[in-house]
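Fold and contact review
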Amino acid sequence: MMRRPRATTAKTVLYNENENMDSDLSFSQMVSSDEDMEEWRPPESTKASSKTARAPTAGGRKAAPKRTAKPKVPKEPKVPKAPKDPKPRAPRKPAAKPKSPNTQKTKATTKSVSAGTKRKQTNEDDLGEIKRKAPNHCPEEQMVEESTRMKEERISFIVSDAHQTDGCADEGTSQARLQVKKKEEPEEDFTFDEASLKRPPTSQACQRQRATLPESKAQSLRNELNMNWDLVELLSTLSCVEQWVCANIIMLLSEENTIPFMVRYRKDMINHMDADAVRDVQMVYEELCALAKKTQSVIQTLKKDGVLTPELEESLRNCRSADDLDHVYSPYKKGSKLTKARRAKALGLEDAATALLNSPHTLDLSTWVKPGTEGLSSVEEVATGVEHILADIIAKDPETLSYIKTLCEKSFVTIQSSVSKTALKEKEQEKHDRGHKKPGAEQNKTKDFDKFQLYFDFTCNVQRIQPHQTLAINRGESLKILTVKVNIPDRVKSDFTWWCINNRWRPKTFAREQLNAIIRNAVEDSYKRLILPFLTRSYRTKLTSAAEKESITMFVRNLRQRLLVCPVRGCVIMGVDPGYRHGCKLAILSHTSQILHTDVVYLHNSGQQREAEKLRHLLIKYSCTKVVIGNGTACRETESFFADLISRRYFHPLDVSYCITNEAGASIYSVSPEAVKEMPDLDPNLRSAVSIGRRVQDPLAELVKIDPKHIGIGTYQHDVSAGALKAALDGVVQECVSFVGVDINITSETLMRHVAGLNAGRARSIAEWREKNGPFINREQLKLVKGMGPKSFQQCAGFIRINPQTLNSAKPSAECGAAVQEKPATKKGRGKAGGNIPTSLNPLDQTCIHPESYHVAERFLSFVGGSVDQIGSAGLKHCVESKVNTSCIEELAKKVDTTPETLKLIIDGLTQPPGFDIRQNFGQADFKRGIVSMSDLRVGAVLTGRVDNTALFGAFVDIGVGRSGLIHKSNITLDKLPVSQRRRSLALGPGERVEVRVLNIDIQRGRIGLDLIRVLQ
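Residues numbered from 1 in each chain as written. Predicted model: local features only at pLDDT ≥ 70, side-chain atom pairs only at ≥ 80, totals over all residues. Heavy atoms only, no water.

Here we look at the overall build of the chain
Of regular secondary structure, the chain possesses 41 helices and 15 strands. For the chain, the proportion of its 1017 residues judged to be buried stands at 55%. Intrachain contacts of the chain at a sequence separation of at least 6 include 73% that bridge at least 24 residues. Taken as a whole, the chain presents about 44700 Å² of accessible surface, with 51% of it coming from carbon and sulfur. (Helix = DSSP H or I, 4+ residues; strand = E, 2+ residues; numbered from the N terminus. Buried < 20%, exposed > 50% of the residue type's maximum accessible area, 1.4 Å probe, protein only. Contact = heavy atoms within 4.5 Å. Areas by Shrake-Rupley, 256 points an atom, 1.4 Å probe, with all protein chains shown as cover.)

Here we look at the sheet that holds strand E5 (residues 584-589)
The strands that make up a sheet pair up through hydrogen bonds in the backbone, lying either parallel or antiparallel. As summarised here, the arrangement of the five strands in space is E6-E5-E4-E7-E8, forming an open sheet in which the pairing is mixed. Edge strands, defined here as strands with exactly one partner in the open sheet, are strand E6 (595-601) and strand E8 (657-661). Strand-to-strand twist across the sheet, computed as the mean angle between neighbouring axes with direction ignored, equals 20°. Note that strand E7 (residues 626-630) and E8 share five bridges and pair parallel. What sits directly across from Val628, in E8, is Cys659. Across the face of the sheet, helix H25 (residues 608-621) comes into contact with strand E4 (573-577), E5, E6 and E7 while running at roughly 175° to E6. Those strands touched by helix H29 (residues 684-697) are E4, E5, E6, E7 and E8, and its axis lies near 50° from that of E5. (Pairing = 2+ DSSP bridges. Axes fitted to C-alpha atoms, helices over the stretch in contact; angles between N-to-C directions.)

Here we look at the pattern of salt bridges
Tallied over the full model, the rule gives 30 salt bridges. Linking Asp392 and Lys396 is a salt bridge whose minimum nitrogen-to-oxygen distance equals 3.5 Å. Here Asp392 and its partner Lys396 are both found in helix H18 (residues 379-396), four residues apart, which amounts to about one turn of the helix. The buried category is assigned to Asp392, whose relative accessible area is 12%. Judged by relative accessible area, Lys396 falls into the partly exposed class, the value being 21%. Across the pair Asp644 and Arg648 runs a salt bridge, and its minimum N-O distance is 3.3 Å. By relative accessible area, which is 39% here, Asp644 ends up partly exposed. Within the structure, one salt-bridge network assembled from shared partners comprises Asp276, Arg279, Arg560 and Glu735. (Salt bridge = Lys/Arg side-chain N within 4 Å of Asp/Glu carboxyl O.)

Comments concerning a negative patch on the surface
Taken together, the side chains of Glu311, Glu314, Glu350 and Asp351 define an acidic patch exposed on the protein surface. When contributions to the negative patch are tallied by element, the ones reaching two or more residues are helix H14 (310-318) and helix H17 (350-358). Mapped onto the elements of the fold, Glu314 is located in helix H14. Classification of Glu314 as partly exposed rests on a relative accessible area of 33%. (Patch = residues over 30% accessible without salt bridge, like charges linked within 9 Å, V, L, I, M, F, W, Y side chains within 5 Å. Lys, Arg positive; Asp, Glu negative; His and termini not counted. Charge placed at Lys NZ, Arg CZ, Asp CG, Glu CD.)

Describing the environment of Val957
Tracing the backbone shows Val957 in strand E12 (residues 954-958). In this structure Val957 comes out as buried when scored by relative accessible area, which is 0%. Sequence spacing of Val957 and Arg946 is 11 residues, and the spatial spacing of their C-alpha atoms is 5.5 Å. Among all residues touching Val957, those that are not within four sequence positions of it are Gly945, Arg946, Val947, Asp948, Arg963, Ser964, Gly965, Ile967, Val994 and Leu1010.

Remarks on helix H26 (residues 635-647)
The terminal C-alpha atoms of H26 lie 18 Å apart, and with 13 residues this matches the ideal 18 Å at 1.5 Å per residue to within 8%. Where H26 is concerned, the buried positions are Cys635, Thr638, Glu639, Phe641, Phe642, Ala643, Leu645 and Ile646. On its buried face, H26 is in contact with E4, E5, H25, E7 and E8. Positive backbone phi, approximately 55°, marks Arg649, located one or two places after H26. (Expected span 1.5 Å × (residues − 1).)

Details of the sheet that holds strand E13 (residues 964-968)
Around the barrel, which closes on itself, the five strands sit in the order E11-E12-E13-E15-E14 with mixed pairing between neighbours. The sheet shows a mean angle of 50° between the axes of neighbouring strands, taken without regard to direction. With five bridges connecting them, strand E11 (residues 942-951) and strand E14 (residues 993-1002) associate as antiparallel partners. The residue bridging Thr944 from the neighbouring strand is Glu995, located in E14.

Points about the packing of helix H39 (residues 874-886) against helix H41 (residues 900-911)
In contact at an axis separation of 9 Å, H39 and H41 are set at 155° when each is read in the N-to-C sense. In terms of orientation, H39 lies roughly antiparallel with respect to H41. You can see that H39 and H41 cross each other, and the crossing is left-handed. On the side of H39, the interface is formed by Leu876, Lys877, Val880 and Val884, while H41 contributes Ile907, Leu910 and Thr911. For the contact of H39 with H41, the class distribution of residues is five nonpolar, one polar and one charged. (Parallel < 35°, antiparallel > 145°, perpendicular 65-115°, else oblique. Left-handed = near helix turned anticlockwise from the far one by under 90°. Nonpolar A, V, L, I, M, F, W, Y, C, P; charged D, E, K, R; others polar.)

Thoughts on the nonpolar core
Counting residues in hydrophobic clusters, the biggest one holds 105 residues, and the most contacted among them are Met273 and Ile766. With 61 residues, the next largest nonpolar core counts Leu365, Val413, Ala423 and Leu543 among its residues. (Core = buried A, V, L, I, M, F, W, Y, C linked by side-chain atoms within 4.5 Å.)

Here's the deal with the packing of aromatic side chains
A full pass over the atoms with the stated rule returns 11 aromatic pairs. Through a chain of ring-to-ring contacts, three or more aromatic side chains come together here, namely Phe261, Tyr265, Phe739 and Phe799. In this structure, Arg504 is placed above the aromatic ring of Trp505, and the distance from its NZ or CZ to the ring centre is 4.6 Å. Here the basic side chain of Lys783 rests over the ring of Phe793, its NZ or CZ set 4.9 Å away from the ring centre. (Phe/Tyr/Trp six-rings, centres within 6.5 Å; stacked < 30°, edge-to-face > 60°. Lys NZ or Arg CZ within 6 Å of the ring centre and 35° of its normal.)

Re the pairing of E4
Within E4, five of the five residues are buried, which leaves it mostly tucked inside the rest of the structure. As paired strands, E4 and E5 are joined by five bridges and run antiparallel to one another. Each bridged residue has a counterpart across the sheet, and for Met574 the counterpart in E5 is Ile588. Summarising the sheet, E4 and E7 pair through four bridges and their orientation is parallel. The partner of Ile573 across the bridge, within E7, is Lys626.

Details of the confidence of the model for the chain
Mean pLDDT over the chain stands at 76; residues scoring 70 or higher make up 72%. The element-level mean pLDDT for the chain is lowest in helix H7 (residues 173-176), coming to 35, with helix H12 (residues 259-265) highest at 95. When the criterion is pLDDT under 50, residues 1-209 qualifies, and its contacts beyond four places in sequence or with other chains add up to 402 contacts. Ignoring residues within four places in sequence, the model shows residues 812-833, a span with pLDDT below 50, making 27 contacts including any to other chains. (pLDDT = per-residue confidence, 0-100.)

Topic: the packing of helix H23 (residues 490-504) against helix H24 (residues 513-563)
Their axes nearest at 10 Å, the elements H23 and H24 cross at an angle of 135°. Of the possible angle classes, the one that applies to H23 and H24 is oblique. When you trace H23 past H24, the crossing you get is right-handed. Residue-level inspection shows Val492, Lys493, Phe496, Thr497, Cys500 and Ile501 of H23 in contact with H24, the latter providing Arg520, Val523, Glu524, Tyr527 and Ile531.

Now the structure itself:
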């Protein structure tokens, strides 16, 4: 659906448009420009119908060559009432408002007496007023329209009432709690062209939390940012989240709350948003704060240089994006040559340019001529200088830029890539010099060149281009293989020129033809020299930003699902790091991941029988029935070796099976300081085998030791912002570790540092306290740890567990109690806190209930007739369910004096069995006993497999033949997915089991095309 013009900056409009682009085409195939045009034909007709539908609203627009100005005459008196007429489109009407003053000026120029700058300010004020009023007319409709543009892949791990029986993580809490709207969408009416809601409508339970920022805090933020826009309002516009939610998120972030804590324990304040949604708001908030900081720095620099004027400062403080700031500031940067406009202003021609706009009948260019002065020696030079000043004014006018961007939105703007002349010359040179260069270097260059064949003659609408195509084009351009340009139709230039000359920049009084010619030349020069390059940079920046965001989102989802693979517990495992010359490294791990034995076997040389006997001896000695093989070099040969032995029942009486796991990052980890500290006496190669085995025993605990960028997930890793990628991946690791929870008495220091509220220093202090004083008996003892203040304890306490089983197997509690009594005396300022720390076990410490809600949990237990000793029992669960069935959650929450969200969390914590793990509902590693090869596949064969990785163009599935097959996103359709996955951007993620059909096999290139049949639950 075609976007209507808004009264916001182009940065906002295009950014949301790109987000819409990402989600709208998540499942449409786009490989060439021809396919692009075929996909776009229905939307083109929709676009046409949209324009037709808007025509009556505009006041009966006529199809005349100068149609851009005529509709504004009847529209002027109706602008304030516009939001009430077509309600769903009220927020989009303000785009027409800035033109209204000029319409009046066209009708009666003699009545317009304000200067050009004053006229510009009036339009900006009107624009801001409408933007402030528009959301109040129909917030619900605006929310629906905005939310459909947002890309969706939201998985939250908060235990909700929808999963009380199995305790599985919430998936799509934003969707699960949709309430009645003025325009309610049917729950089952899902389409992939319609992205899911990023924010749910406000429920009754949340309405009392619609608190704005305290006035003192809001004033402090305004003083700190010192910009001309309201932070909460702009943040709401950019993130498409309600203002009261944005205000609460700002307040929570300023109080140093972590995202996992906010998502689990402050649901009512953030309107049940999931972690990804909150993280998106946080990113936009940080970008705005960085923009304000940079603006202050620029203002100080310009003030120091003596070039800062009140108008320039106002323009800088109005900037709403880094692009806008750069556009205003670039002419004044140090090191850049003096612009034509500044040279003309230095000659004193600024007054002449102002006179040309305000009172041209009094302007005589000949009076400005100064013979012998360069730039003023003739009337022509004076006219040229005036043109340059006017061109600069036009290019920086907010109303003018808003109008040109609106024209571009309505036009077919395309991005085009072609093979560069440099690449062609190098290709010809390689052919000519073939045989004189090293074969390896020539092959690599040829390989890079051939990778971009799809983009040698590629054209696509900027609204329809896929994120992976944008990143591929950017990579080709950086390698100097591709040349990229943005094509804006000539009609945009003609309409823009006409509007400028006859409307926005029309002189206030009569002007001679010579002066009119100066204005025409200035408009054309401004468009060609200043505005067109700005639009090109703007499009490229926003396309890249949207593509990077989609790529990072894919990384985030893949990492989350990789970390939450269900652990394989209670069995001995053999990890195998396969290899040829240096042999296969083995590591046998106990059911608690302790190293029992390490060895090296040479399975692919002579003497295989001897190595097979060694394997049988080790497996029988340690009663090991599970073998985990890394997917690196010699993986297929090693798998074939084990499969042959298993088929001959060589390991009888053991029933041995094996699985293949991703070993990405194992080699890097094996030489890291953490691995050396953990396994100081082991060879690095053997450490890799240990890591491979532990990745199946407890994927989360093992993978957090490795930089997420090295785990082998996602696509275009090196083409996105390294800082944004690292922040997002670190946030997901913290989210997963926190929501799963850690047993504080047995967890590793490495895992602890990823818990919300903890860091490397606090994790080390906890480990030291544990070694010195014995196991923790309750959560309150965390307050005795060095560096654990009230805020840190609040953030981490709910994610830390005190498991009675592990506590009983540790040191006697008496020793721990004695140590606890001694500890407060040695810590300054902690005596009072230490004296109040209990030394008894609290059964609530093994649940997800936060200590701040213990008194509510105890009230609820007494209300239902239970006790803390019954936590997780069937009897307590029955009592709770009977109470919930007889009265709703809201009524129960009032009786125990808490919020419904807190009560739901308490009910989950009380009814979940001891040792509950949210990962138990996620898929486990697949163990098998046989093997098939790629040559055994046939087109049409139906197989089961597990998603290994997902990219922006499809999902890779391991079907057990050594090569992952690709399900193109065009084959991931609505009817093949469970209802719970129909709102997600690609609907599949690593670890999910699927049933597929083989579509095509390319043995030479090692490619397998698959079609999704269904997702296996």
